[in-house]
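Residue-level structural notes
Residues per chain are reported as follows:
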Amino acid sequence: MRTTSALLLWLLALPCWAELSLGGHLKALGQHSLQSSQHNTSGEGRLNLSLNHDGWSVQVHSLAQQCDSQSQCRDWRLDRANLHWQHGQFQVTAGRHAISWGNGLIFNPVDVFNPFNPLAIDTEYKPGEDMLHAQYGLDNGDDIQALWVDHGDSHSSALKYHHFAGEWEWDGLLSQHRGEGMFALGASRPLGDWLWRGEWMQQHSDSGLRANHVVSNMQRFFDVAGQPAGLTLEWFHNGWGIDQQSTPEQRLELMTRLSRGELFTPGKHYVAISFNRQMHPLWQLGITHISEANNDSHISQLFSNVDLAEAVQLRIAVALPWRNSRLLDLPAERYLLAQLAWYF
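Residues numbered from 1 in each chain as written. Predicted model: local features only at pLDDT ≥ 70, side-chain atom pairs only at ≥ 80, totals over all residues. Heavy atoms only, no water.

1. Re the overall build of the protein
Keep this limit in mind: Each helix corresponds to a stretch of at least 4 residues labelled H or I by DSSP, and each strand to a stretch of at least 2 residues labelled E; elements are numbered beginning at the N terminus. Relative accessibility under 20% of the residue-type maximum defines a buried residue, over 50% an exposed one, and the middle range a partly exposed one, all with a 1.4 Å probe and only protein chains included. Contacts were defined at the residue level, with two residues in contact if any of their heavy atoms lie within 4.5 Å. To measure how exposed things are, a 1.4 Å probe is used in the Shrake-Rupley method; for residues, cover is taken only from the protein chains shown.
Counting secondary structure elements, the protein contains 2 helices and 18 strands. Expressed as a percentage of the 344 residues in the protein, the buried residues total 41%. Taking the contacts inside the protein whose residues are at least 6 apart along the sequence as the reference set, 48% of them involve residues at least 24 apart. For the protein, the accessible surface area stands at approximately 17900 Å², while carbon and sulfur atoms represent 58% of it.

Structure, rendered in structure tokens:
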């Protein structure tokens, strides 16, 4: 937070010749359980301020949240406040912002910085963290990234290299995350009409345990009755997943990562399929299905995105858990979710 405060003071001293842009959104979200008839509502407001001049830019995004009386949720924070500098192929960003790494599309174990839930329907903004991020682009298209993140009670550092080799793209990651070692290797390439992505990651815990995660997916875009559509197939092996043979130490490691929001599922093997189709230039419809292979756990989610006006969007989702869905650590009840967003 000290980094964010320093950036705000610097922002007040910006010269008047900087270019200014202002925007944001207001969102209202309602969720209704189809089994217990419980209701949950929340609101979100975001104000985005950006100032730019030559190679310098400053972004300040404030976020206010208001939930219903049942959840007692009140929140006001600076979700983005960063200073960005770029010169040629080298750029540095300091302050509170978000970053996403990894090749996973539904499950993304490499993305340990505020990842999205596999069934999230609103993925426009990730929560920000105080960090220093540097990136240098090489002449051959490769790039090198270095990252340092302050979590308050701990920190993370990482070094990442992205390499192009013909049709292949490679990513190598070396990280110290909250005092634990993390290594990852990812690759992607086209296979006919499909795009394949894969990733392996190994984590070393403070207790001496080691976990290997693997994610592999295939994605294809095509036309259905003249309208664009997309299909995603994904398999995820959770190295911290537990079963009947898991030790108390392994269960504790899993619970730690679930509580930090780095993982969302306690099982070992998951398969997912997602299909979406543009029914109209202003309407997209789709379905996502997730299964846990070993415990016969399943959940399906239908979702719809409609642009009601130039700056108004309606998102609707229906989740249908079945069989032993509690082992997914995702919603165990059927629910209907609706979100109305206005952008300005």
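2. Some points on the pattern of salt bridges
Here is the rule we go by: A pair is scored as a salt bridge if a Lys or Arg side-chain nitrogen falls within 4 Å of a carboxyl oxygen belonging to Asp or Glu.
Taken as a whole and judged by the stated rule, the model has 16 salt bridges. Ionic pairing is found between Asp 79 and Arg 80, a salt bridge with its closest N-O pair at 2.8 Å. As far as the burial class goes, Asp 79 and Arg 80 line up, both buried. For the salt bridge of Asp 171 with Lys 160, the shortest nitrogen-to-oxygen distance reads 2.8 Å.

3. Section: the packing of aromatic side chains
Operational definition: Here is the rule: rings of Phe, Tyr and Trp (six-membered ring for Trp) pair when centre to centre is within 6.5 Å. Planes less than 30 degrees apart are stacked, more than 60 are edge-to-face, and the remainder are tilted. Look at NZ for Lys and CZ for Arg. If either is within 6 Å of the ring centre and within 35 degrees of the ring normal, a charge sits over the ring.
Scanning the entire structure with this criterion turns up 9 aromatic pairs. A ring pair is formed by Phe 236 and Tyr 270, whose centres lie 6.5 Å apart and whose planes are at 20°; its orientation type is stacked. Separated by 34 residues along the polypeptide, Phe 236 in strand 13 (residues 227–237) and Tyr 270 in strand 14 (residues 269–280) bring together distant segments of the chain. Side by side, Phe 236 and Tyr 270 carry an identical accessibility label, which is buried. Between Trp 342 and Phe 344, the aromatic rings sit 5.2 Å apart at their centres with planes inclined by 40°, giving tilted as the arrangement. We classify Trp 342 as partly exposed; its relative accessible area is 42%. Here the aromatic cluster, defined as three or more aromatic residues joined through ring pairs, consists of Trp 85, Phe 90 and Tyr 136. Positioned above the aromatic ring of Tyr 125 is the side chain of Arg 46, whose terminal nitrogen or guanidinium carbon lies 3.9 Å from the ring centre.

4. A word on a nonpolar patch on the surface
To keep it simple, the criterion reads: For patch detection, residues must exceed 30% relative accessible area and be free of salt bridges, and they are connected within 9 Å for like charges or within 5 Å for nonpolar side chains (Val, Leu, Ile, Met, Phe, Trp, Tyr).
Side chains of Ile 144, Leu 159, Tyr 161, Trp 170, Leu 174, Phe 183, Leu 185 and Trp 200 sit close together on the surface and give an oily, nonpolar patch of about 710 Å² of accessible area. Counting only elements with at least two residues in the nonpolar patch, the list comes to strand 8 (155–165), strand 9 (168–177) and strand 10 (180–191). Of note, Leu 185 is situated in strand 10. We classify Leu 185 as partly exposed; its relative accessible area is 45%.

5. Regarding the confidence of the model for the protein
Threshold: Known as pLDDT, the predictor's per-residue confidence is scaled from 0 to 100.
Per-residue confidence for the protein averages 88 on the pLDDT scale, and 88% of its residues sit at or above 70. Confidence, expressed as mean pLDDT per element, reaches its minimum in the protein at helix 1 (residues 2–12) with 53 and its maximum at strand 11 (residues 194–204) with 98.

6. A short note on the nonpolar core
A general feature of soluble globular proteins is that nonpolar side chains tend to end up buried together. How we decide: Here the nonpolar core consists of buried residues drawn from Ala, Val, Leu, Ile, Met, Phe, Trp, Tyr and Cys, with membership extended through side-chain atoms lying within 4.5 Å.
Membership of the largest hydrophobic core comes to 14 residues, with the highest contact counts inside it found for Phe 107, Phe 236, Leu 263 and Ile 290. Counting residues per element, the ones that place at least two in this core are strand 12 (210–224), helix 2 (248–259) and strand 14.

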